[in-house]
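# Coordinate inspection notes
Single-letter residue listing:
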Amino acid sequence: MKLLENKTAIITGATRGIGKGIAEFFAKQGANVAFTYNSSVDAANALEKELNSYGVKAKGYQSNAANFDAAQELAKNVLEEFGSIDILVNNAGITKDNLLMRISEEDFDKVIEINLKSVFNLTKAVIRPMMKQRKGSIINMSSVVGVKGNAGQTNYAASKAGILGFTKSVALELGSRNIRCNAIAPGFIETEMTASLPEDTVKGWRDAIPLKRGGSPEDIANACVFLASDMSAYITGQTLNVDGGMLT
Ligand code: NAP
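Parameters and conventions
- Residues numbered from 1 in each chain as written.
- Predicted model: local features only at pLDDT ≥ 70, side-chain atom pairs only at ≥ 80, totals over all residues.
- Heavy atoms only, no water.
- Helix = DSSP H or I, 4+ residues; strand = E, 2+ residues; numbered from the N terminus.
- Expected span 1.5 Å × (residues − 1).
- Buried < 20%, exposed > 50% of the residue type's maximum accessible area, 1.4 Å probe, protein only.
- Contact = heavy atoms within 4.5 Å.
- Near = heavy atom within 4 Å.
- Polar contact = N/O pair within 3.5 Å; in protein donor to acceptor, adjacent residues only side chain to side chain.
- Areas by Shrake-Rupley, 256 points an atom, 1.4 Å probe, with all protein chains shown as cover.
- Nonpolar A, V, L, I, M, F, W, Y, C, P; charged D, E, K, R; others polar.
- Phe/Tyr/Trp six-rings, centres within 6.5 Å; stacked < 30°, edge-to-face > 60°.
- Lys NZ or Arg CZ within 6 Å of the ring centre and 35° of its normal.
- Core = buried A, V, L, I, M, F, W, Y, C linked by side-chain atoms within 4.5 Å.
- Axes fitted to C-alpha atoms, helices over the stretch in contact; angles between N-to-C directions.
- Parallel < 35°, antiparallel > 145°, perpendicular 65-115°, else oblique.
- Left-handed = near helix turned anticlockwise from the far one by under 90°.
- Pairing = 2+ DSSP bridges.
- Right-handed = clockwise from strand over helix to strand, strands pointing away.

### Looking at helix α1 (residues 17-28)
- The end-to-end C-alpha separation of α1 is 17 Å, in line with the 16 Å expected for twelve residues at 1.5 Å each.
- Burial analysis of α1 places nine of its twelve residues in the buried class, which makes it a mostly covered element.
- Against the buried residues of α1 lie β1 (8-11), β2 (32-37), α2 (41-52), β4 (87-90), β5 (136-141) and α9 (217-228).
- Phi turns positive one or two residues past the end of α1, at Gly 30, with a value near 90°.

### Quick notes on the site of the ligand
- Surrounding the ligand, one finds 30 residues, the nearest of these being Thr 15, Ser 39, Ser 40, Tyr 156 and Thr 191.
- Measuring from a nitrogen atom of the ligand, one finds a backbone N or O atom of Ala 65 at 3.0 Å.
- Residue Asn 91 places a main-chain N or O atom 2.7 Å away from an oxygen atom belonging to the ligand.
- Protein coverage of the free-state accessible area of the ligand, which is 910 Å², stands at 95%.
- Going through the elements one at a time, α1, α6 (154-174) and α7 (192-195) are the ones with two or more residues in the shell around the ligand.
- Considered class by class, the residues forming the shell around the ligand number 13 nonpolar, 15 polar and two charged.

### Examining the packing of aromatic side chains
- Under the criterion given, the structure shown has two aromatic pairs.
- Ring geometry for Phe 188 versus Trp 205: centroids 4.8 Å apart, planes at 80°, classification edge-to-face. Of the two residues, Phe 188 is situated in the loop between β6 (179-186) and α7 and Trp 205 in helix α8 (residues 199-208); the sequence distance between them amounts to 17 residues.
- For Trp 205, a relative accessible area of 34% puts it in the partly exposed group.
- A cation over an aromatic ring shows up here: Lys 57 above the ring of Phe 82, its NZ or CZ 5.0 Å from the ring centre.

### Examining the nonpolar core
- Residues Ile 11, Ile 22, Phe 26, Val 33, Phe 35 and Ile 184 are the most contacted members of the largest nonpolar core, which totals 33 residues.
- Discounting chain neighbours no more than four positions away, the residues touching Ile 22 are Ile 11, Val 89, Asn 91, Met 141, Ala 221 and Cys 224.
- Ranked by size, the runner-up nonpolar core spans 22 residues in total, among them Tyr 61, Met 130, Val 170 and Ala 171.

### Quick notes on the environment of Ala 58
- Considering the arrangement of structural elements, one finds Ala 58 in strand β3 (residues 58-62).
- What makes Ala 58 buried here is its relative accessible area of 8%.
- Between the C-alpha atoms of Ala 58 and Leu 47, which are eleven residues apart in sequence, the distance is 8.8 Å.
- Excluding residues that lie within four positions of it along the chain, Ala 58 makes contacts with Val 33, Glu 48, Leu 51, Asn 52 and Phe 82.

### Points about the packing of helix α4 (residues 105-133) against α6
- Their axes nearest at 8 Å, the elements α4 and α6 cross at an angle of 15°. Relative to α6, the element α4 lies roughly parallel. Here α4 and α6 pass one another in a crossing that is right-handed. Seen from α4, the contacting residues are Asp 107, Phe 108, Val 111, Ile 112, Asn 115, Leu 116, Val 119, Phe 120, Thr 123, Ile 127 and Met 131; seen from α6, they are Thr 154, Asn 155, Tyr 156, Ala 158, Ser 159, Lys 160, Gly 162, Ile 163, Phe 166, Val 170 and Leu 174.

### Focus: the pairing of β2
- Burial analysis of β2 places five of its six residues in the buried class, the great majority of the element.
- Relative to β2, β1 runs parallel, the two being bridged by four bridges. The partner of Ile 11 across the bridge, within β2, is Phe 35.
- Taking the sense of rotation as the criterion, the β-α-β connection linking β1, α1 and β2 turns out right-handed.
- With five bridges joining them, β2 and β3 adopt parallel strand pairing. Bridging across to β3, Val 33 finds its partner in Ala 58.

Right, dumping it as structure tokens:
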């Protein structure tokens, strides 16, 4: 039996990297997938075709996660076109790294808006239908950096730590409605976001990880399938570290 049969998922930021991996694994587990992106139209069209080939309904929406009204519009459209919203994965995120001395106000605000406010926007947009269904699973993509902090990433760390507080509060507020909300804290996952790092930095990171490798989008996608499915029906308000043991 497929773990996500008859469920509809919204996944933000799925044209590449971790979000794409989640969309593929969800579709393979039988979920219908509505995914978003910011600007990569061609990648979105290709992903839509790929997901459809797994025999599920799939559609990409160009929707800026940082925009409150766009999130409302997205949820309305998905509900009309798919009939329900059972799972939300708040995955869209960016980095604008710099030392605090050099970071601009604009780069601080942008990271908070796209990484943290987006989680508020999308969650608020889906809780009404989830409350009506008396069921839902929300998964928020935090980071090891949100748990631990990181020099040169004050904006990113603040956004990802903010997600953890938001996640626990939603779990407390909506548990009685059978809506679960959990966070995943990926460690060092090798995607385009990390591809720009110098090779010796990357090697140093790999060597310091107990499992001796960077993670893959699939490693994160597997954890998302678990938290999205009824296998995790009694788990809410948690942060799952998927980091090869980095925080151990
Ligand atoms: P990525 O490869 O850079 O992909 C980011 C995705 O988000 C793209 O599909 C992008 O769409 C979309 N996106 C960006 N801004 C958006 C917006 N305003 N509205 C909607 N979609 C937007 O990133 P990734 O490495 O897969 O990371 C995914 C998530 O995991 C992020 O939240 C990141 O912080 C978190 N994370 C990553 C790592 C890591 O090591 N990679 C570690 C911990 C946590 P376009 O293509 O259209 O721009």
